[in-house]
Amino acid sequence: MKAYLGLYTARLETPARSLKEKRALIKPALERVKARFPVSAARLYGLDAWGFEVVGLSLLGNDPAWVEETLREAARFLAYQGAFRVALEAFHLEAIDLDGLV
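Throughout what follows, the structure given in this document is the object of discussion. (Residues numbered from 1 in each chain as written. Predicted model: local features only at pLDDT ≥ 70, side-chain atom pairs only at ≥ 80, totals over all residues. Heavy atoms only, no water.)

## With respect to the overall build of the protein
What the protein contains, in helices and strands, is 2 helices and 4 strands. Reading the helices (α) and strands (β) of the protein from amino to carboxyl end gives β-α-β-β-α-β. Judged by the C-alpha coordinates and their principal axes, the protein covers about 50 × 20 × 20 Å. Long-range pairs, those at least 24 residues apart, make up 70% of the contacts in the protein with a sequence separation of at least 6. With an accessible surface of roughly 6200 Å², the protein has 55% of that area assigned to carbon and sulfur atoms. The positive charge centre, built from 14 side chains, and the negative charge centre, built from 13, are 11 Å apart in the protein. (Helix = DSSP H or I, 4+ residues; strand = E, 2+ residues; numbered from the N terminus. Contact = heavy atoms within 4.5 Å. Areas by Shrake-Rupley, 256 points an atom, 1.4 Å probe, with all protein chains shown as cover. Lys, Arg positive; Asp, Glu negative; His and termini not counted. Charge placed at Lys NZ, Arg CZ, Asp CG, Glu CD.)

## Comments concerning the pattern of salt bridges
Scanning the entire structure with this criterion turns up 7 salt bridges. Between Glu53 and Arg43 there is a salt bridge whose closest N-O contact spans 2.4 Å. With Glu53 in strand β3 (residues 52–61) and Arg43 in strand β2 (residues 40–45), this pair connects stretches of sequence that are 10 residues apart. Connected through salt bridges with shared partners, the residues Arg11, Glu13 and Arg85 form a single ionic network. (Salt bridge = Lys/Arg side-chain N within 4 Å of Asp/Glu carboxyl O.)

## Topic: the packing of helix α1 (residues 19–36) against helix α2 (residues 64–79)
Put simply, α1 and α2 touch, their axes get as near as 10 Å, and they point 145° apart. Both α1 and α2 take part in a crossing whose hand is right-handed. From α1, Ala29, Leu30, Arg32, Val33 and Arg36 reach across to α2, where they touch Ala74, Phe77 and Leu78. Within the contact of α1 with α2, the residues separate by chemical class into 6 nonpolar, no polar and 2 charged. (Axes fitted to C-alpha atoms, helices over the stretch in contact; angles between N-to-C directions. Left-handed = near helix turned anticlockwise from the far one by under 90°. Nonpolar A, V, L, I, M, F, W, Y, C, P; charged D, E, K, R; others polar.)

This is a description of form; function is not addressed.
Right, here's the structure in full:
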């Protein structure tokens, strides 16, 4: 038996002129994604840069198709949430063996 871990990372470019302004764009967008989809979200890199930030979404489940589709829908939703642009993005799906637990 396997579990599947989906990971989405994106570089978001913002028109913000300060860290406070950038945080006001990105943080609410991530909160809306978490409220709508069963994903975890994190601000990963670029926290001290005002022009961009790298964020990540993750999801764990037992159906790889569901994990991938849900993560892709969450990524599309995120892309339309704020005054930022998704400059780069990556999806990764990993199978985790549960044989020792089942």
